[in-house]
Amino acid sequence: MEPIEPIEPVQTVQTVDTEAGTARITWYPATPPRPPRLVLAVSHGAGGGIDARDLRALAHALPAHGVTVALVEQPWRVAGKKVAPAPKTLDVGWRGVWPALAARGLPVVSGGRSAGARVACRTAVELGAAGVLALSFPLHPPGRPETSRAGELLGAGVPTLVVQGGNDPFGRPEEFPEGDHELVEVPYADHGLAVPKRAPISQEEAVTIVTEQVTRWLAELVWLV
């Protein structure tokens, strides 16, 4: 895709009742003159919210490319709880939000960061996702590579893009198994895709890698769905 200068997107907030509680979607609609071509729905991890640097960057960059971005807050975050529930409960919340994500009649790419990426992988085929965007996929707990979650990633069953920090303690790029997914490395970045001040690239450059690679992948995906 050609470079497009993003504008400050309009956003709307929608609450959705699920069996796990009330979830919240912050919508960033595709901006004219580009017609909306798909929805990218992304949720947060177990230790943070939709204010994560990569989620906010995608919400601001992608609408200019015809992508409507939906930042999804799981019910436990909306309720103000500090600890995420069990994975099965996270899946219940995501399933409950899906009809609202699909209601616009566009293909929906299921995504998330960390624990949210695991949810997207586990439910992609069941929900009919057009693809999965896995930001900082937690391949294993820090220091415990024997406790692998590779099966979730390899079992996604749809086109999948993994965006992983080069120094992510939850799984460095070279630790990932081969599979049908594509993996993009953000050099020097940690699990939050933050880079040290001494790194050869700036934080802005690291975030640009994320937005440009996701934009490229989604543009290719549109031709497949």
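Before reading further, recall that the structure is shown in the block above.
Since the model is a prediction, treat every value here as computed from it, not as a measurement.

**Considering helix H6 (residues 203–222)**
Moving on, step 1. Here H6 is 20 residues long and its end C-alpha atoms lie 29 Å apart, about the 28 Å a rise of 1.5 Å per residue gives.
Moving on, step 2. Three or more residues of H6 are buried, namely Ala-206, Val-210, Thr-211, Val-214, Thr-215, Trp-217, Leu-218, Ala-219 and Leu-221.

**A word on the packing of aromatic side chains**
Moving on, step 1. Taken as a whole, this structure holds two aromatic pairs when the rule is applied.
Moving on, step 2. Summarising the aromatic geometry, the rings of Phe-137 and Phe-176 are spaced 6.4 Å apart at their centres and angled 65 degrees between planes, so their arrangement reads as edge-to-face. Of this pair, Phe-137 sits in the loop between strand E6 (131–135) and helix H5 (150–154) while Phe-176 sits in the loop between strand E7 (160–165) and strand E8 (182–186), placing them 39 residues apart in sequence. Across the pair, exposure class does not vary: Phe-137 and Phe-176 are buried alike.

**Notes on the sheet that holds E7**
Moving on, step 1. Strand order across the open sheet formed by eight strands is E1-E2-E4-E3-E5-E6-E7-E8, with mixed pairing between neighbours. Of all strands in the sheet, those with a lone pairing partner are strand E1 (12–18) and E8, marking the two edges. Across this sheet, the average inter-strand angle for adjacent strands is 20 degrees, counted without regard to direction.
Moving on, step 2. Bridging between strand E5 (residues 108–113) and E6 involves five bridges; their strand directions are parallel. Within the sheet, the bridge partner assigned to Gly-111 lies in E6 and is Leu-133.

**Here we look at the pattern of salt bridges**
Moving on, step 1. Counted by the stated rule, this structure contains eight salt bridges.
Moving on, step 2. Notably, a salt bridge pairs Arg-113 with Asp-54, separated by 3.0 Å at the nearest N-O pair. With Arg-113 in strand E5 and Asp-54 in helix H1 (residues 53–61), the pair connects residues that are 59 residues apart, well separated along the chain. Summarising the burial analysis for this pair, Arg-113 and Asp-54 share the class buried.
Moving on, step 3. A salt bridge links Glu-152 to Arg-118; the nearest nitrogen and oxygen atoms lie 2.7 Å apart. In this pair, Glu-152 sits in helix H5 while Arg-118 sits in helix H4 (residues 115–127), placing the two residues 34 residues apart along the sequence. Grouping residues by exposure puts Glu-152 and Arg-118 together as buried.

**A closer look at the nonpolar core**
Moving on, step 1. The biggest cluster of nonpolar side chains holds 34 residues, and the ones touching the most others in it are Ile-25, Ala-70, Trp-94, Trp-98, Leu-101, Val-132 and Phe-137.
Moving on, step 2. Elements with a contribution of two residues or more to this core: strand E2 (21–28), strand E3 (38–43), strand E4 (67–73), helix H3 (87–102), H4, E6 and H5.
Moving on, step 3. Not counting residues within four places of it along the chain, the set of residues in contact with Val-132 comprises Val-109, Ser-110, Ala-120, Cys-121, Ala-124, Val-158, Pro-159, Thr-160, Leu-161 and Trp-217.
Moving on, step 4. One finds Leu-71, Leu-133, Val-184 and Val-210 within the second-largest nonpolar core, a separate group that totals 32 residues.

**A few points about the environment of Glu-178**
Moving on, step 1. Residue position: Glu-178 is located in the loop between E7 and E8.
Moving on, step 2. The class for Glu-178 is exposed, based on a relative accessible area of 78%.
Moving on, step 3. C-alpha of Glu-178 to C-alpha of Gly-128: the two residues are 50 residues apart in sequence and 24 Å apart in space.

**Things to note about H1**
Moving on, step 1. By the burial criterion, the buried members of H1 are Asp-54, Leu-55, Ala-57, Leu-58, Ala-59 and Ala-61.
Moving on, step 2. Contact partners of the buried residues in H1: E2, E3, E4, E5, E6 and H6.

**A few points about the packing of H3 against H4**
Moving on, step 1. For the pair H3 and H4, the least separation of the axes is 10 Å and the interaxial angle reads 45 degrees. With respect to H4, the element H3 is oriented oblique. Relative to H4, H3 is oriented so that their crossing is right-handed. Contacts from Pro-87, Leu-90, Asp-91, Trp-94, Arg-95 and Trp-98 in H3 reach Val-119, Arg-122, Thr-123, Glu-126 and Leu-127 in H4.
Moving on, step 2. Looking at side-chain class alone, the contact of H3 with H4 contains six nonpolar, one polar and four charged residues.

**A short note on the pairing of E6**
Moving on, step 1. With five of five residues buried, E6 is to be regarded as a mostly interior element.
Moving on, step 2. Residues Gly-131, Leu-133 and Leu-135 of E6 are buried on one face, and the alternating residues Val-132 and Ala-134, pointing to the opposite face, are buried as well.
Moving on, step 3. For the handedness criterion, the β-α-β arrangement of E5, H4 and E6 is classed as right-handed.
Moving on, step 4. Across four bridges, the pairing between E6 and E7 is parallel.

Here is what the cut-offs are and how they apply
Residues numbered from 1 in each chain as written. Predicted model: local features only at pLDDT ≥ 70, side-chain atom pairs only at ≥ 80, totals over all residues. Heavy atoms only, no water. Helix = DSSP H or I, 4+ residues; strand = E, 2+ residues; numbered from the N terminus. Expected span 1.5 Å × (residues − 1). Buried < 20%, exposed > 50% of the residue type's maximum accessible area, 1.4 Å probe, protein only. Phe/Tyr/Trp six-rings, centres within 6.5 Å; stacked < 30°, edge-to-face > 60°. Pairing = 2+ DSSP bridges. Axes fitted to C-alpha atoms, helices over the stretch in contact; angles between N-to-C directions. Salt bridge = Lys/Arg side-chain N within 4 Å of Asp/Glu carboxyl O. Core = buried A, V, L, I, M, F, W, Y, C linked by side-chain atoms within 4.5 Å. Contact = heavy atoms within 4.5 Å. Parallel < 35°, antiparallel > 145°, perpendicular 65-115°, else oblique. Left-handed = near helix turned anticlockwise from the far one by under 90°. Nonpolar A, V, L, I, M, F, W, Y, C, P; charged D, E, K, R; others polar. Right-handed = clockwise from strand over helix to strand, strands pointing away.

Bear in mind that shape data such as this cannot, by itself, settle questions of function.
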